[in-house]
Structures are given as structure tokens and as C-alpha cells.
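What follows is the residue order along each chain.
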Amino acid sequence: IAGKIENLAAYDTIFLGYPNWWGDMPMILYTFLEQNDLSGKTIIPFCTHGGSGFSRTIWTIQDKQPGATVIRDGYSLPGIAWNARAGVAAWLKEIDLKNKEKTMSKHILILAGAGKNGNSAALCRAFARGAEESGHQVETVFLRDKKIGYCLACYHCKKSGGVCAIKDDMAD
């Protein structure tokens with residue numbers, strides 16, 4: 001992962017998008033969730049899959065982010081996402097972000113765990129368009145463009161007040 005996520009603290013709602021491969025989310029999302037504290041934020045998962053839906057991924061996200069509110073009825077799309085716009089738009093209206101919580105209409109950050117031209121990226125673009133059409137400010141961030149190292153289990157963070165020994169984009 002190369003690059004960094006600017007102003008993560010500015011976002012109240014995070015749409016976390018990923019492909020569900022064989023009942024699990026990509027390892028890059030594990031790294032992201034383990035290295036960021038999203039306490040106080042609302043995480044709304046969405047995924048593409050070949051038939052397994054979310055599997056246990058929503059519970060995994062909640063386990064990795066116990067201080068966040070993880071919406072359990074996210075959007076999952078079996079098969080190809082190229083024509084997902086109508087379904088996504090209807091789902092966004094159904095969950096009615098602006099009226100659920102005042103803070104949810106401020107900003108939405110969409111994180112995509114797959115390549116920029118894949119099935120999950122197509123679903124991510126549909127989410128962005130639907131959210132923008134509903135009056136939300138949207139920024140799309142692809143984790144593969146970020147420089148995020150894997151945890152070394154060196155416990156430097158425990159000894160140094162939460163500062164990681166790995167110098168990457170997660171510190172920002």
C-alpha cells in the first residue's frame with residue numbers, strides 16, 4: 001500500500017467497500033482496520049461476492065473496531081457490479097443517511113480494497129455517484145494507493161503511547 005489518507009478524522013461515516021473472497025475480506029482491509037482507530041465513527045460495509053454475501057466480515061469489522069458503530073445491514077452485491085447504480089441509489093435512499101443522524105450527512109469516505117478497474121471498484125463508483133446525487137460530499141480512497149505496513153508485533157506502540165515503529169501513511 002502506498003500513499004496516505006488525508007484528514008481521516010474529518011469523516012463521521014465511512015463506507016467500507018471490498019470484495020468478499022472465499023468468505024473473507026482482503027488482508028489490506030485487516031491492516032487498515034488494525035492500524036486506524038475509528039471510534040465514534042459509523043462504518044457502513046458494502047461488498048461484492050460470488051454467493052457468500054457478507055459471511056462473517058461485518059463481525060470481523062466490529063471486532064477490529066469496537067469503538068465504532070458498524071451497520072449490519074450494509075449492501076452486498078452478488079456477481080458483476082457494472083450496472084449496480086440503480087440498486088445502490090435505492091439502498092442509499094432506504095437507509096436515508098441525512099435523517100438518521102445529523103453527523104452522517106457531513107462527509108462520507110469510501111475505501112475500496114480492490115483494484116481501480118475491478119468489480120468492487122465499479123460498485124464503489126456507484127456508491128459515490130448515488131451519495132453525491134443525494135447531496136453528500138464524497139471522497140474515494142483506494143487503499144492500494146497507500147503505504148501501510150504490516151504490524152510487526154514488536155509492541156513499540158504499547159511502550160511509546162500508541163506511536164507505531166513503522167513509518168508509513170497510517171500515522172497521518
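Everything that follows concerns the structure shown earlier in this document.
The numbers attached to residues start from 1 for each chain and follow its sequence in the written order. The model is predicted, so local features are restricted to residues of pLDDT at least 70 and side-chain atom pairs to those at 80 or more, both for listing and for counting; the totals for chains, interfaces and linings are taken over all residues. Side-chain measures were taken over the full set of non-hydrogen atoms in the model, leaving aside hydrogen atoms and water.

(A) How the structure looks around the overall build of the chain. Put simply, DSSP marks the helices as runs of H or I at least four residues long and the strands as runs of E at least two long, and each gets a number from the N terminus on. Assigned secondary structure in the chain consists of six helices and six strands. Ordering the α and β elements of the chain from the N terminus gives β-α-β-α-β-β-α-α-β-α-β-α. Three labels apply to residues, based on accessible area from a 1.4 Å probe with only protein chains included: buried if under 20% of the type maximum, exposed if over 50%, partly exposed otherwise in between. Every one of the 172 residues in the chain was classed for burial, and the buried ones make up 48%. Contact between two residues is taken to exist if any of their heavy atoms lie within 4.5 Å; hydrogens are not considered. Pairs at least 24 apart in sequence give 76% of the contacts found in the chain among residues at least 6 apart. Calculation of accessible area relied on Shrake-Rupley with a 1.4 Å probe; when residues are assessed, cover is drawn exclusively from the protein chains displayed. Accessible surface, the chain as shown: approximately 8900 Å² in total, 52% of it carbon and sulfur.

(B) Summary view of the packing of helix α1 (residues 27-35) against helix α2 (residues 57-64). Packing of α1 against α2 brings their axes to within 9 Å, and their N-to-C directions diverge by 30°. One finds that α1 runs roughly parallel with respect to α2. Within the contact between the two elements, α1 uses Tyr-30, Leu-33 and Glu-34 and α2 uses Thr-60, Ile-61 and Lys-64. In this count, Pro and Cys sit with the nonpolar residues alongside Ala, Val, Leu, Ile, Met, Phe, Trp and Tyr, while Asp, Glu, Lys and Arg are called charged and the others, Gly among them, polar. When its residues are assigned to classes, the contact of α1 with α2 shows three nonpolar, one polar and two charged. A fitted line through C-alpha atoms serves as each axis, taken over the contacting stretch for helices, and the angle formed by two N-to-C directions is quoted from 0 to 180°. Oblique is the label for every angle not falling under 35 degrees (roughly parallel), over 145 degrees (roughly antiparallel), or within 65 to 115 degrees (roughly perpendicular).

(C) Representation of the packing of aromatic side chains. The rule is short: rings of Phe, Tyr and Trp, with Trp giving its six-membered ring, pair when the centres are within 6.5 Å, and they are stacked under 30 degrees, edge-to-face over 60, tilted in between. On inspection of all chains with the given rule, the structure shows three aromatic pairs. With a centroid separation of 6.3 Å and 75° between ring planes, the pair formed by Phe-15 and Trp-91 is classed as edge-to-face. Placement of the pair is Phe-15 in strand β1 (residues 13-20) and Trp-91 in helix α3 (residues 85-95), with a sequence separation of 76 residues. Trp-91 carries the same exposure label as Phe-15, and that label is buried. Site record: aromatic cluster; members linked through ring pairs are Phe-15, Phe-46, Tyr-75 and Trp-91.

(D) Broad picture of the environment of Thr-48. With respect to the helices and strands, the residue Thr-48 is situated in strand β2 (residues 42-49). Its relative accessible area of 4% is what places Thr-48 among the buried residues. For Thr-48 and Pro-19, which are 29 residues apart along the polypeptide, the C-alpha to C-alpha distance reads 4.8 Å.

(E) Highlighting the pattern of salt bridges. The working definition used for a salt bridge is a side-chain nitrogen of Lys or Arg within 4 Å of a carboxyl oxygen of Asp or Glu. Tallying each qualifying case throughout the model produces one salt bridge. Here Lys-64 makes a salt bridge to Glu-34, at a shortest N to O gap of 3.0 Å. Note that Lys-64 is positioned in helix α2 and Glu-34 in helix α1, a separation of 30 residues in sequence. Overall, Glu-34 belongs to the partly exposed group, its relative accessible area being 46%.

(F) Local environment of the nonpolar core. To form a nonpolar core, buried Ala, Val, Leu, Ile, Met, Phe, Trp, Tyr and Cys residues must be joined to one another through side-chain atoms within 4.5 Å. Within the largest apolar cluster, 21 residues are counted, with the highest numbers of intra-cluster contacts made by Tyr-18, Leu-38 and Ile-61. Every element with two or more residues in this core is listed here: β1, α1, β2 and α2. It is α1 that provides the largest number of residues to this core, a total of five residues. One finds Leu-123, Ala-126, Ala-131 and Val-138 within the second-largest nonpolar core, a separate group that totals 17 residues.

(G) Quick look at unusual backbone geometry. The phi dihedral of Trp-22 is positive, around 55°, even though this residue is not glycine. Here Trp-22 is to be found in the loop between β1 and α1. Exposure remark for Trp-22: the relative accessible area of 88% places this residue in the exposed category.

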